[in-house]
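Examining the three-dimensional arrangement
Single-letter residue listing:
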Amino acid sequence: MTAVAFVVLSLTAVCAVVDWIAVSAGRRLLEYVCKPLVMVGLVVAAFQLDPSSDVARALLVCGLLLSMIGDVCLMLPSDAFVAGLMAFLGAHLFYVAAMVALGLEVGAVAFGLLLAAVVGIVVARRIVAGARAADPALGPPVTLYVVVLSVMAAVAIGTGRPAAFIGAVAFVVSDSVLGWTRFVSEVRNGRVVVMVTYHVAQFG
């Protein structure tokens, strides 16, 4: 890691913590500034790192930029949930491509898919059912997102890289809490849990 990347990541981490505090305290204006700023910091850091694959870095940056668009959509006063969902779906596809470019272990991917299936049976099916109950039109996009997220997590495990594994697990937790809160029932301190795990995921 270069010195510039370390400084940028450190400042980005501070911005993420400030965002968590803003979410906890209900400071929406501060949240509107810090949440996308974290993603800007990660994009800048990605360009400062010395990657093992330039292709993987380019794909990662595309995923980060789509994530930033998703963040903005989910923060809008109007309900842009589907637009945000599709932006994050695209981000995960870029993350999958980036991790494939780094190389995968087939057995580890298969194990990851098995774990994803368990999570899907226990948690995701309830979220999908809740989405359909809220609005039948939400069923297909939420189901598609769950599938893509599961593939991303399995592929992350397949890289054999601890950071990717931690990031993928954190993404699953973040999106599960978000989906559960929106479509099933309220989760205590859910918004804070979502943001903490989301930022851990993006750093990973």
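Above this text you will find the structure in question.
All of the points below concern the structure found in this document.

The rules we used
- Residues numbered from 1 in each chain as written.
- Predicted model: local features only at pLDDT ≥ 70, side-chain atom pairs only at ≥ 80, totals over all residues.
- Heavy atoms only, no water.
- Axes fitted to C-alpha atoms, helices over the stretch in contact; angles between N-to-C directions.
- Helix = DSSP H or I, 4+ residues; strand = E, 2+ residues; numbered from the N terminus.
- Parallel < 35°, antiparallel > 145°, perpendicular 65-115°, else oblique.
- Left-handed = near helix turned anticlockwise from the far one by under 90°.
- Nonpolar A, V, L, I, M, F, W, Y, C, P; charged D, E, K, R; others polar.
- Core = buried A, V, L, I, M, F, W, Y, C linked by side-chain atoms within 4.5 Å.
- Buried < 20%, exposed > 50% of the residue type's maximum accessible area, 1.4 Å probe, protein only.
- Contact = heavy atoms within 4.5 Å.
- Phe/Tyr/Trp six-rings, centres within 6.5 Å; stacked < 30°, edge-to-face > 60°.
- Lys NZ or Arg CZ within 6 Å of the ring centre and 35° of its normal.
- Salt bridge = Lys/Arg side-chain N within 4 Å of Asp/Glu carboxyl O.

This brings us to the packing of helix 3 (residues 54-75) against helix 4 (residues 81-102). Two numbers describe how helix 3 lies on helix 4: the axes approach to 8 Å, and their chain directions differ by 165°. By the angle class used here, helix 3 and helix 4 are roughly antiparallel. Like other packed secondary-structure pairs, helix 3 and helix 4 cross with a definite hand, here left-handed. Taken together, the residues of the contact of helix 3 with helix 4 break down into 21 nonpolar, five polar and one charged.

Next up on the list: the nonpolar core. Grouped together as the largest cluster of nonpolar side chains are 43 residues, with contacts concentrated most on Leu64, Tyr95, Met99, Val142, Met152, Phe171 and Phe183. Counting only elements with at least two residues in this core, the list comes to helix 1 (3-25), helix 2 (28-48), helix 3, helix 4, helix 5 (106-134), helix 6 (139-158), helix 7 (162-183) and helix 8 (190-203). Setting aside its immediate chain neighbours within four residues, methionine 152 contacts His92, Tyr95, Val96, Met99, Ala168 and Phe171.

Tallying each qualifying case throughout the model produces four aromatic pairs. For the pair phenylalanine 81 and phenylalanine 183, a centre-to-centre distance of 5.5 Å together with 75° between the ring planes defines the contact as edge-to-face. Of this pair, phenylalanine 81 sits in helix 4 while phenylalanine 183 sits in helix 7; the two residues are 102 residues apart in sequence, bridging distant segments of the chain. No difference in accessibility class separates phenylalanine 81 from phenylalanine 183, as the two residues are buried. Clustering of aromatic rings is evident, with ring pairs tying together Phe88, Tyr95, Phe171 and Tyr198. Across the ring face of phenylalanine 81, the terminal group of arginine 182 is positioned such that the distance to the ring centre comes to 4.1 Å.

Here asparagine 189, not a glycine, exhibits a phi torsion of approximately 55°, which is positive. The residue asparagine 189 is located in the loop between helix 7 and helix 8 in this model.

Okay, the pattern of salt bridges next. Here the structure, examined in full by the defined rule, presents four salt bridges. Here arginine 28 ties to glutamate 31 by a salt bridge, and the two come within 3.2 Å at their closest N and O atoms. Residue arginine 28 and its partner glutamate 31 are both found in helix 2; the two are separated by three residues, about one turn of the helix. You can call arginine 28 partly exposed: its relative accessible area is 37%. The class for glutamate 31 is buried, based on a relative accessible area of 1%. The partner of aspartate 54 in a salt bridge is arginine 57, with the nearest N and O atoms 3.5 Å apart. Placement of both aspartate 54 and arginine 57 in helix 3 is noted, with a separation of three residues, approximately one turn of the helix. When its relative accessible area of 56% is taken as the criterion, aspartate 54 is described as exposed.

Let us now look at the environment of glutamate 105. Checked against the element boundaries, glutamate 105 lands in the loop between helix 4 and helix 5. Using a relative accessible area of 49% as the deciding quantity, one classes glutamate 105 as partly exposed. Between the alpha carbons of glutamate 105 and glycine 160 there is a distance of 7.3 Å; along the sequence they are 55 residues apart.

With that settled, the discussion passes to the environment of cysteine 34. Looking at where cysteine 34 falls in the secondary structure, it is placed in helix 2. For cysteine 34, a relative accessible area of 5% gives the class buried. Spatially, the C-alpha atom of cysteine 34 lies 9.7 Å from that of valine 14, the residues being 20 residues apart in sequence.

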